[in-house]
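Observations on the model geometry
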Amino acid sequence: MGNEIVLQVRNLKTHFFSGSQVIKAVDGVDFDLRKGQTIGIVGESGSGKSVTSLSIMRLVDPTAGKVVDGQILLHGDDLLQKSEESMRKIRGNKISMIFQEPMTSLNPVFSVGEQIAEAYRIHEKLPRKQAWAKAIEMLKLVGIPSPEKRAKQEPHELSGGMRQRV
Ligand SMILES: Nc1ncnc2c1ncn2[C@@H]1O[C@H](COP(=O)(O)OP(=O)(O)O)[C@@H](O)[C@H]1O
Ligand SMILES: [Mg+2]
């Protein structure tokens, strides 16, 4: 078990602005995540769990709010200082987010296999056939039965739990 720190969140503050009102959704969050560790963030609805996660992904809607203070160090490198282009390379590659409602992040008209394969084509530059094989391997890894058949189906043909695993 390595004890190397992968992610350090320091004094994270994400605020939303509506008129003259400031909503301090996240106001000074600190935690460390070590290699191989799983952390659960627990709190009542509206306490800032999603906004914390979206801030780490740099996906807070810029028209509504922003990270106003803190550091998000991934292997010591501050994600808050990255360009949008560098973030696109990091997202879905080094960090990713499984959204609460998978129907809004999956494209309804493409098979789930194509959508998983797309990440391999873009991030790892794999050719179509290899990317497809990877998609099936991943479906198998998360315990989806008949992955070859499931990969060809569209999101609405899968259960909610299966869609989140996708
Ligand atoms: N786009 C937004 N505009 C204004 N306020 C927001 C926005 N997104 C989230 N918030 C506010 O941030 C707070 C934390 O929300 P959230 O992180 O979604 O809570 P939860 O812990 O349930 O995931 C809430 O008070 C919510 O109203
Ligand atoms: Mg939430």
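Calculation rules
- Each residue is numbered by its place in its chain's sequence as written, counting from 1.
- Each chain gets a letter, beginning with A, and each ligand a number, beginning with 1, in the order they are written.
- Whole-chain, interface and lining totals are the exception, using all residues; otherwise, since this is a predicted model, local features are given only for residues with pLDDT of at least 70 and side-chain atom pairs are given and counted only at 80 or more.
- Each side-chain value is worked out from all heavy atoms of the structure, with water and hydrogens disregarded.
- In this text, helices come from DSSP runs of H or I with a minimum length of four residues, and strands from runs of E with a minimum of two, each type numbered from the N-terminal end.
- Relative accessibility under 20% of the residue-type maximum defines a buried residue, over 50% an exposed one, and the middle range a partly exposed one, all with a 1.4 Å probe and only protein chains included.
- When checking whether two residues touch, look at their non-hydrogen atoms; a contact exists if any pair is within 4.5 Å.
- Only the protein chains shown count as covering a residue, and every accessible area follows the Shrake-Rupley method with a 1.4 Å probe.
- Asp and Glu count as negative and Lys and Arg as positive, but His and the ends of the chain are not part of the count.
- Lys charges are placed at NZ, Arg charges at CZ, Asp charges at CG and Glu charges at CD.
- The method works on a 1 Å grid over the protein atoms by themselves. A cavity is a set of points holding a 1.4 Å probe that cannot get out, a pocket is an open set with protein on both sides within 12 Å along at least five of seven lines, and residues with an atom within 4 Å of a point line them.
- Grid points are joined across faces, edges and corners, and a volume is the space filled by probe spheres set on the points.
- With axes taken as lines fitted to C-alpha atoms, and helix axes fitted only over the stretch in contact, angles between N-to-C directions fall between 0 and 180 degrees.
- Roughly parallel here means an angle under 35 degrees, roughly antiparallel means over 145, roughly perpendicular means 65 to 115, and every remaining angle is called oblique.
- Left-handed describes a crossing in which the near helix is turned anticlockwise from the far one by less than a right angle; the clockwise case is right-handed.
- Charged residues are taken to be Asp, Glu, Lys and Arg, nonpolar residues to be Ala, Val, Leu, Ile, Met, Phe, Trp, Tyr, Cys and Pro, and polar residues to be all remaining types, Gly included.
- Think of a nonpolar core as a cluster: buried Ala, Val, Leu, Ile, Met, Phe, Trp, Tyr and Cys residues, connected wherever their side-chain atoms sit within 4.5 Å.
- Any helix carries an expected span of 1.5 Å times its number of residues minus one.
- Being near a molecule or strand, for a residue, means having at least one of its heavy atoms within 4 Å of it.
- Each polar contact in these results corresponds to two N or O atoms within 3.5 Å; when the atoms are within protein, one needs to be able to donate a hydrogen and the other to accept it, and residues that are neighboring in sequence are counted only if both atoms are side-chain atoms.

1. Some thoughts on the overall build of the protein chain
Secondary structure summary: the protein chain contains seven helices and four strands in total. Starting at the N terminus, the α and β elements of the protein chain follow one another as β-β-α-β-β-α-α-α-α-α-α. Out of the 166 residues belonging to the protein chain, those deemed buried represent 29%. The long-range fraction of contacts in the protein chain, counting pairs at least 24 apart against all pairs at least 6 apart in sequence, stands at 53%. Accessible area for the protein chain stands at about 10600 Å²; split by element, carbon and sulfur atoms hold 51% of it. Looking at the protein chain, you have 24 positive and 19 negative side-chain charges, and the mean spots of the two groups are 4 Å apart.

2. Quick word on the layout of surface pockets
In this structure, the largest pocket spans a volume of roughly 1400 Å³. Lining the largest pocket are 39 residues, and of these G92, Q115, I116, A119 and V166 sit closest to its centre. For the lining of the largest pocket, the secondary-structure elements that each account for two or more residues are helix 3 (102-105), helix 4 (112-123), helix 5 (128-141) and helix 7 (160-165). Per element, the largest residue contribution to the lining of the largest pocket is 10 residues, and it comes from helix 4.

3. Some details on the packing of helix 4 against helix 5
Their axes nearest at 8 Å, the elements helix 4 and helix 5 cross at an angle of 120°. For the element pair helix 4 / helix 5, the angle class is oblique. Judged by the sense of rotation from one axis to the other, the crossing of helix 4 with helix 5 is right-handed. Only R128, A131, W132, K134, A135, M138 and L139 of helix 5 make contact with helix 4, whose side of the interface consists of G113, E114, I116, A117, Y120 and R121. Among the residues making up the contact of helix 4 with helix 5, the classes are represented as eight nonpolar, one polar and four charged.

4. Here's the deal with the nonpolar core
By size, the foremost hydrophobic cluster in this structure holds 16 residues, and its most contacted members are L7, L79 and I95. Of all the elements in the fold, those that place two or more residues in this core are strand 1 (5-18), strand 2 (21-34), helix 1 (49-57), strand 3 (65-74) and helix 2 (84-90). In terms of residue count, strand 1 provides more of this core than any other element does, four residues in total. Ignoring anything within four residues of it in the chain, the contact list for I95 reads I56, M57, L74, L79, M87 and I90. Core analysis: the next-biggest nonpolar cluster, separate from the first, contains 13 residues, A117, Y120, I136 and A151 among them.

5. Concerning helix 4
Taking 1.5 Å as the rise per residue, helix 4 with 12 residues should run 16 Å; its terminal C-alpha atoms sit 17 Å apart, in good agreement. Looking only at helix 4, the buried set comprises V112, G113, Q115, I116, A117 and Y120. If you follow the buried residues of helix 4, they end up packed against helix 5 and helix 6 (147-151). Just beyond helix 4, the residue with positive phi is K125, at close to 55°.

6. Considerations on the site of ligand 1
Around ligand 1, the neighbouring residues are F16, A25, E44, S45, G46, S47, G48, K49, S50, V51 and A64. Measuring from an oxygen atom of ligand 1, one finds a backbone N or O atom of K49 at 2.8 Å. V51 places a main-chain nitrogen or oxygen 2.8 Å from an oxygen atom of ligand 1. For ligand 1, whose unbound accessible area comes to 570 Å², protein coverage reaches 63%. Sort the elements by how many residues they give to the shell around ligand 1 and helix 1 lands first, with three residues.

Interpretation note: all reported values are geometric properties and have no functional meaning in isolation.
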